[in-house]
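Coordinates in review
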Amino acid sequence: MNFLAHIALSGADPEIAIGNFIADSILPKERKLLSKEMQRGIALHHLIDEFTDSHKNFKNTVQLLRPSLKKYAPVAADVFYDHFLAKNFQKYFAHQSLKEFTKDFYSSIEHHLNELPGKGRELATYILQYDWLNMYATTDGLHTILCQMSKRTRFESNLDKAIVQLKDHYEEINQDFQQLFPELIQHCKNFLRN
């Protein structure tokens, strides 16, 4: 799962959502600078990654993408899953449209921006500037995201060409996502209840 899923799976607490969103950009020593809720969001982020990476449907999607995307296949799969979430957002989160959800999250990020250390603040500024959460909904927006990601990889990733793989395997990847995501929602709800 990429940014949209991580944020959406965070429940109603905006600080948990922010921690979940910035988890990969925060150094371990910086975590103690964050609120308890943001730290909980980081823990939720890792739980989501572990669940997704070990799920048979995610593994199937990765195998579809591996011939052309090699080690970047899981990265593309994460982004593609956010596309299917964006396309079906109200199916899973009926109380809010994607646009409303995004607006609320961006407002939370702006409110807490000064509390975020280094790379977390950079990432937050970047997502506000480029509006990635709404871009996931269209293949054109997705292509733009993948091209931006491709520019930041150390090695040749082919992420800038990954949209072709999505189009070639659209229904199969969609089915993998639709089977995995309800299980992941429940897994996150269980975590947030404890």
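The present account deals with the structure reproduced in this document.

Side note on the packing of helix 5 (residues 73-87) against helix 12 (residues 170-193)
Orientation of helix 5 relative to helix 12, taken along the N-to-C sense of each, is 75 degrees, at an axis distance of 10 Å. Judged on the interaxial angle alone, helix 12 and helix 5 are roughly perpendicular. Packed against helix 5, whose contacting residues are Phe80, Tyr81, His83, Phe84, Leu85 and Lys87, the element helix 12 presents Tyr170, Ile173, Asn174, Asp176, Phe177, Leu180 and Phe181 at the interface. The residue makeup of the contact of helix 5 with helix 12, split by class, is nine nonpolar, two polar and two charged.

A short note on the pattern of salt bridges
Tallying each qualifying case throughout the model produces one salt bridge. Between Lys161 and Asp160 there is a salt bridge; the shortest N-O distance is 3.8 Å. Taking the relative accessible area as the measure of exposure, Lys161 reaches 49% and is therefore partly exposed.

Some thoughts on the layout of surface pockets
Its boundaries defined by the atoms lining it, the largest pocket holds a volume of some 640 Å³. Along the wall of the largest pocket there are 21 residues; nearest its centre are Asn2, Phe3, Asp24, Met149 and Arg152. Elements with a contribution of two residues or more to the lining of the largest pocket: helix 1 (3-8), helix 2 (14-22), helix 3 (36-54), helix 5 and helix 8 (118-130). A breakdown of the residues in the lining of the largest pocket according to their chemical character gives twelve nonpolar, five polar and four charged. When its volume is computed, the second largest pocket comes out at roughly 420 Å³. Contributing to the lining of the second largest pocket are 21 residues, with Ala8, Gly11, Ala12, His95 and Phe101 lying nearest its centre. At the level of elements, helix 1, helix 2, helix 6 (89-92), helix 7 (98-112) and helix 12 are the ones that each hand at least two residues to the lining of the second largest pocket. Considered class by class, the residues forming the lining of the second largest pocket number 14 nonpolar, four polar and three charged.

What about the environment of Tyr136?
Checked against the element boundaries, Tyr136 lands in the loop between helix 9 (132-135) and helix 10 (139-151). Owing to a relative accessible area of 0%, Tyr136 belongs among the buried residues under this scheme. Leaving out residues up to four positions away in the same chain, Tyr136 has contacts with Asn2, Phe3, Leu4, Val79, Asp82, His83, Ala86, Leu142 and Ile145. Within the structure, the side chain of Tyr136 is placed 2.6 Å from the side chain of Asn2, a separation counted as a polar contact.

Calculation notes
Every chain is numbered on its own, with residues counted from 1 as its sequence reads. At least 70 in pLDDT is required for a residue's local features to be given in this predicted model, at least 80 for side-chain atom pairs to be given and counted, and no such filter applies to totals for whole chains, interfaces and linings, which use all residues. No hydrogens and no water enter the side-chain calculation; it runs on all heavy atoms of the structure. Between N-to-C directions, angles span 0 to 180 degrees; the directions come from axes that are lines fitted to C-alpha atoms, helices contributing only their stretch in contact. Under the DSSP-based scheme used, a helix requires at least four consecutive residues in state H or I and a strand at least two consecutive residues in state E, with every element numbered from the N terminus. We call two directions roughly parallel when the angle between them is under 35 degrees, roughly antiparallel when it is over 145, roughly perpendicular when it lies between 65 and 115, and oblique otherwise. We call two residues contacting when some pair of their heavy atoms lies within 4.5 Å. Three residue categories are used. Nonpolar comprises Ala, Val, Leu, Ile, Met, Phe, Trp, Tyr, Cys and Pro, charged comprises Asp, Glu, Lys and Arg, and polar comprises the others, including Gly. Salt-bridge detection follows one rule: a side-chain nitrogen of Lys or Arg within 4 Å of a carboxyl oxygen of Asp or Glu. Working definition: with a 1.4 Å probe on protein chains only, accessible area under 20% of the residue-type maximum means buried, over 50% means exposed, and in between means partly exposed. Here the term cavity refers to a set of points on a 1 Å grid, laid over the protein atoms alone, in which a 1.4 Å probe fits but cannot get out; the term pocket refers to an open set having protein on both sides within 12 Å along at least five of seven lines, with lining residues being those that place an atom within 4 Å of a point. Grid points are joined across faces, edges and corners, and a volume is the space filled by probe spheres set on the points. Distance and chemistry together define a polar contact, namely a pair of N or O atoms within 3.5 Å, with one atom able to donate a hydrogen and the other to accept it when in protein, and with adjacent residues in sequence counting only for side-chain atoms on both sides.

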